[in-house]
Each structure stands twice: as structure tokens, then as C-alpha cells.
Amino acid sequence: MADQTHVLFVEDDDVIREATQLALERDGFAVTAMPDGLSGLEAFRSDRPDIALLDVMVPGLDGVSLCRRIRDESTVPVIMLSARADSIDVVLGLEAGADDYVTKPFDGAVLVARIRAVLRRFGHAGGGDRFEESAGADAGGVLTFGELEVDTEGMEVRRAGQPVALTPTEMRLLLEFSSAPGTVLSRDKLLERVWDYGWGGDTRVVDVHVQRLRTKIGQDRIETVRGFGYKLKP
């Protein structure tokens, strides 16, 4: 298992859990599959997987609550699985710290592609706590925007001199903004650059992550440009 990407999969439907586990294992992943949130949390703490797939509606500890518990302890990437694309659970999962979501029923190839996209932007080499520098980021050192400092080499952020803890996805999003301050970046462009979507995606993923980022670096630092996207104030 040490040489394989380790996936924690929490799903209460026996058929979906077993079929998805087999499909992921055929694609070379090592999978720990659990039927409920409490056993999923135990498996996360004992196995330290590289990525977690969490169904929203699981017994014991629901997927959103499990995501929050995981995010309190780790920056490991999390993908939520939801039965409805328009469900409020999607937004709740993203607000809880999930990096992406996939709607059920899902095609196995699509799920694998999304897993690999998330792992690529985390710079996956095991453990889920490392990530690559954003392709659009300036590698020149520390960028300053008012009281906000972004160290593009050390991958550190400070606000008014105090360190700001960001998830890898939030960091990549900030790097995209800081590489072009004052420039409006559309949601589609951010989906492509940060989430590695080569196809159309749900822009709620962007909106929720921007809101999460705002709470950490300052609500007024990222401006919404209606009908176009977002920009970082220089």
C-alpha cells in the first residue's frame, strides 16, 4: 500500500461501496471502504489516507460532519459524493472544507479523473499535506497586498503579521489571484487553473472557496465583479 495512492471511501450503500472499491482498485488505488462516518473517522486517523471520498448521507456521523472533523486535523484532500447536483448538501460539504464534489450516480472513469485532478493540484506524493505551486504564481518571493503577505516560495501567508492557515486548494486559489492583482478572473478560468477542469464545472465550487478564503485573508481583499468573476485588490 505504501507505493499506492490510498483512498478512504465512506459510503453506506453496500452495492455502491463494493463496486466503487473494485473499480478504484482496478485503477491502481489502495482503498479502505467504510459504511458509516464513525468508522470512517477511525480509519482516517489510523490509516492517514492520501484522499477521502465521503458520501454526504452516511449514518452515525454524516459526511459533512466527518469532513469538518478531518479538516480540523489535516489538509488531506476531500471529495464529497452527493445524490443531487442541486442539493444544499453540496454547498454544506464545500463550506465544511471539501475540495470538490461528484454527483451520484457517477461514471467510474469520471470519478477517477476527478480524484487524479485533485491529487495533481495537491502535488501528491503521499499523505496529502503537500502541494505544487500554482502554474500562474510568481515564484519571486513575498508579494504584499495591504496587510496581506503571500510568500510564493515558502507557501506561507500572513495577515497583519500573523500566519494564516490555508488548505492547499485555498492556497492555489490565492496564488492565482496574487499572480494577477487587479485582474478579473472568471469562474471558468479559476475552475480550469485551480481545479484542473478540462470541462465545464459547477461554479459553486469556486464561489464557496472564495468565501472561505475571504474569511481568512479579509472580506474586502477579494472583490466580486458581477457577471465576470473575482479580482484581488492590489
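Residues numbered from 1 in each chain as written. Predicted model: local features only at pLDDT ≥ 70, side-chain atom pairs only at ≥ 80, totals over all residues. Heavy atoms only, no water.

A. Expanded view of the packing of helix α6 (residues 168-178) against helix α8 (residues 204-217). α8 packs onto α6 with a crossing angle of 85° between their chain directions and a minimal axis gap of 10 Å. Regarding the angle of α6 to α8, the classification is roughly perpendicular. Counted together, Thr169, Glu170, Leu173, Leu174 and Phe177 of α6 and His209, Val210, Arg212, Leu213, Lys216 and Ile217 of α8 form the full contact between these two elements. Grouping the constituent residues of the contact of α6 with α8 by class yields 6 nonpolar, 2 polar and 3 charged. (Axes fitted to C-alpha atoms, helices over the stretch in contact; angles between N-to-C directions. Helix = DSSP H or I, 4+ residues; strand = E, 2+ residues; numbered from the N terminus. Parallel < 35°, antiparallel > 145°, perpendicular 65-115°, else oblique. Contact = heavy atoms within 4.5 Å. Nonpolar A, V, L, I, M, F, W, Y, C, P; charged D, E, K, R; others polar.)

B. Region of interest: the nonpolar core. By size, the foremost hydrophobic cluster in this structure holds 50 residues, and its most contacted members are Leu54, Met80 and Phe177. A per-element tally of this core places α8 first, with 6 residues. Apart from residues no more than four positions distant in its own chain, Met80 is found in contact with Leu54, Val56, Gly63, Val64, Cys67, Gly93, Ala98, Asp100, Tyr101 and Val102. The next biggest cluster of nonpolar side chains, apart from the first, holds 16 residues, and it includes Phe29, Ile51, Leu81 and Val112. (Core = buried A, V, L, I, M, F, W, Y, C linked by side-chain atoms within 4.5 Å. Buried < 20%, exposed > 50% of the residue type's maximum accessible area, 1.4 Å probe, protein only.)

C. Region of the structure containing the sheet that holds strand β3 (residues 51-55). Pairing is parallel in the open sheet, where 5 strands are placed in the order β2-β1-β3-β4-β5. Unpaired on one side and paired on the other, β2 (30-34) and β5 (100-103) mark the two borders of the sheet. Here the average twist between neighbouring strands, direction ignored, is 20°. Direction of pairing for strand β1 (residues 6-10) relative to β3: parallel, over a ladder of 4 bridges. In the strand pairing of β3, Leu8 is matched with Ala52. (Pairing = 2+ DSSP bridges.)

D. Highlighting helix α4 (residues 88-95). Buried within α4 are the following residues: Asp89, Val90, Val91, Gly93 and Leu94. As for α4, its buried residues are in contact with α3 (63-73), β4 (78-82), β5 and α8. Gly97 lies just past α4 and shows a positive phi near 120°.

E. Geometry of helix α7 (residues 187-194). For α7, every residue scored as buried is listed here: Leu190, Leu191 and Val194. Buried residues of α7 fall within an arc of 105° about the axis and therefore sit on the same side. Of the residues in α7, the exposed ones pointing more than 90 degrees away from the buried face are Asp188 and Glu192. Elements in contact with the buried residues of α7: α5 (108-121), α6, α8 and β11 (229-232). (Arc of directions from axis to C-beta.)

By themselves, these observations are geometric and do not establish any function.
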